[in-house]
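Now for the letters of each chain:
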Amino acid sequence: MIRLRHWLFDLDDTLYPASTGLFGHVSARITRRIAGVLGVSEADARIVQRGLWRKYGTSLRGLQVEHGVDPEPFLADVHDVPVEEILAPDSELHELLARLPGERHIFTNGPSEFAHRVMRRLGVDPLFTRVFDIRHAEFVPKPDPLPYRRAMSALGAPAESIVLIDDSPQNIAQARALGWWTVWLRSPRSLAGGSTGQSIALHEESGDTAGPHVTIDRLADLESALGDHFGRGGAP
C-alpha cells in the first residue's frame, strides 16, 4: 500500500486563512497593475483581471501571452504587501504540520520569495522541504497540468503518494485527474474558491472523480478529516 508522503500546500488563502485578507491586498495590486499596463480604469481592470484568471489560471499568464508583460517586475510589484503586519506566528499550524508523515512542500502560483515571507511570519518555514512556485514551470500556473507534472518529476514520487491541499476547485480537479490525493479547503472568503464552491460540492455529491477526496472548512480540521476518511488509527 502506497502511503501519502508528499504534502503539497497551496499558499494563498490555504496555508494562511482567507479571513486574514492578505491575498485581497495582492489582488488589489494586480488590479492597479493591469490598469496601468492597459491604460484603463480600475473598474475595467477588475473585469479584465477576472477574465484572464479564468482563461489562463493567473492574470500574469494572460498578460504575458496577450500583452508581452515582463513577469518579474509584475511579481515584485503585486506582492509588495504588508505580510508581517497582517499575519502572525501560528503555533497550532506549526504543530499540525509537524505531525504530518513525510515531507511538506508549497505549491503556489506566486513567487518563492513571497511564499518564504509568509512561512517565516507564520513560523513554519523550517518545516517545508521545497517551494514549487510560478517560476518552476516557467510561469505556467495551476491548473495547467505542466506545474503538477514538474512537481511530481522533481519529487520522484508516484502520483498516489502526493497530496494537494488547495482552496481552488479547479486546482483540486486537475490534481485528482493526475492521480494525486486531494483535500479541498472550502472557504467562502477565498478569492479562488469562494465563488465556485457550489460546483465542486456538486462533484462530490455525484461521485465525480474530479471532486476532492476530502473537504475541510479550516486547515485545523485536516487531521480529523483524514481520520474520518481512513479510519481512526489508520495512518494515511
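Check the entry above for the structure.
Okay, so let's go over this structure.

## Description of helix H10 (residues 169-177)
Among all positions in H10, only Pro169, Asn171, Ile172, Gln174 and Ala175 are buried. With its phi angle positive at about 95 degrees, Gly179 sits one or two positions after the end of H10.

## Some words on the pattern of salt bridges
The tally for this structure, following the rule as stated, stands at 13 salt bridges. Arg33 is the salt-bridge partner of Asp77, the closest N and O atoms lying 3.0 Å from each other. A residue pair is termed long-range when its members are at least 10 positions apart, and Asp77 in helix H5 (residues 71-78) and Arg33 in helix H2 (residues 22-38) qualify at 44 residues. The partly exposed category is assigned to Asp77, whose relative accessible area is 22%. Its salt-bridge partner being Glu138, residue Arg150 comes within 3.2 Å of it at the nearest N-O pair. You can see Arg150 sitting in helix H9 (residues 145-155) and its partner Glu138 sitting in the loop between strand E3 (128-132) and H9, a full twelve residues away along the chain.

## A short note on the environment of Gly211
By the element assignment, Gly211 lies in the loop between helix H11 (197-206) and strand E6 (214-216). Under the relative-accessibility criterion, Gly211 is labelled buried at 2%. For Gly211 and Ala177, which are 34 residues apart along the polypeptide, the C-alpha to C-alpha distance reads 9.2 Å.

## Focus on the sheet that holds strand E2 (residues 103-107)
Pairing is parallel in the open sheet, where six strands are placed in the order E3-E2-E1-E4-E5-E6. Every other strand in the sheet has two partners, leaving E3 and E6 as the edge strands with one partner each. Across this sheet, the average inter-strand angle for adjacent strands is 20 degrees, counted without regard to direction. In this structure, E2 lies alongside E3, joined through four bridges in parallel fashion. Residue pairing for E3: Ile106 is matched across the bridge by Val131. Lying on the sheet, H10 is in contact with strand E4 (162-166) and strand E5 (181-185); it crosses E5 at an angle near 170 degrees.

## Focus: the packing of helix H3 (residues 42-56) against helix H4 (residues 59-67)
Their axes nearest at 7 Å, the elements H3 and H4 cross at an angle of 90 degrees. Relative to H4, H3 is oriented roughly perpendicular. Residues Gln49, Leu52, Trp53, Lys55 and Tyr56 of H3 form the contact with H4, whose own contacting residues are Ser59, Arg61, Gly62, Leu63, Val65 and Glu66. Taken together, the residues that form the contact of H3 with H4 break down as five nonpolar, three polar and three charged.

## Quick look at helix H8 (residues 112-122)
Along H8, the residues that are buried comprise Phe114, Ala115, Val118, Met119 and Leu122. Down the axis, H8 shows its buried residues gathered within 135 degrees of arc, on one side only. Those residues of H8 hidden inside the fold are in contact with helix H1 (11-15), H2, helix H6 (83-86), helix H7 (91-99), E2 and E3. Two residues or fewer past H8, Gly123 is found with a positive phi of approximately 80 degrees.

## What to know about the packing of H4 against H5
Packing of H4 against H5 brings their axes to within 11 Å, and their N-to-C directions diverge by 150 degrees. Taken together, the axes of H4 and H5 are roughly antiparallel relative to one another. H4 and H5 meet at a crossing whose hand is right-handed. Of the residues in H5, those touching H4 at Leu60, Leu63 and Gln64 are Pro71, Phe74 and Leu75. Residues that form the contact of H4 with H5 fall into these classes: five nonpolar, one polar and no charged.

## Examining the packing of aromatic side chains
Where two aromatic rings form a pair, the distance of their centres and the angle of their planes describe that pair. Taken as a whole and judged by the stated rule, the model has five aromatic pairs. Ring geometry for Phe9 and Phe128: centres 6.0 Å apart, planes at 80 degrees, overall edge-to-face. With Phe9 in strand E1 (residues 6-9) and Phe128 in strand E3, this residue pair connects regions lying 119 residues apart in the sequence. Here Phe128 falls in the buried class, since its relative accessible area comes to 10%. Each ring, one from Phe107 and one from Tyr148, has its centre 5.1 Å from the other, and the planes form 80 degrees; the classification is edge-to-face. One end of the pair, Phe107, is in strand E2; the other, Tyr148, is in helix H9, and 41 residues separate them in sequence. Accessibility classification places Phe107 together with Tyr148 in one group, the buried group.

Here is what the cut-offs are and how they apply
Residues numbered from 1 in each chain as written. Predicted model: local features only at pLDDT ≥ 70, side-chain atom pairs only at ≥ 80, totals over all residues. Heavy atoms only, no water. Buried < 20%, exposed > 50% of the residue type's maximum accessible area, 1.4 Å probe, protein only. Helix = DSSP H or I, 4+ residues; strand = E, 2+ residues; numbered from the N terminus. Salt bridge = Lys/Arg side-chain N within 4 Å of Asp/Glu carboxyl O. Pairing = 2+ DSSP bridges. Axes fitted to C-alpha atoms, helices over the stretch in contact; angles between N-to-C directions. Contact = heavy atoms within 4.5 Å. Parallel < 35°, antiparallel > 145°, perpendicular 65-115°, else oblique. Nonpolar A, V, L, I, M, F, W, Y, C, P; charged D, E, K, R; others polar. Arc of directions from axis to C-beta. Left-handed = near helix turned anticlockwise from the far one by under 90°. Phe/Tyr/Trp six-rings, centres within 6.5 Å; stacked < 30°, edge-to-face > 60°.

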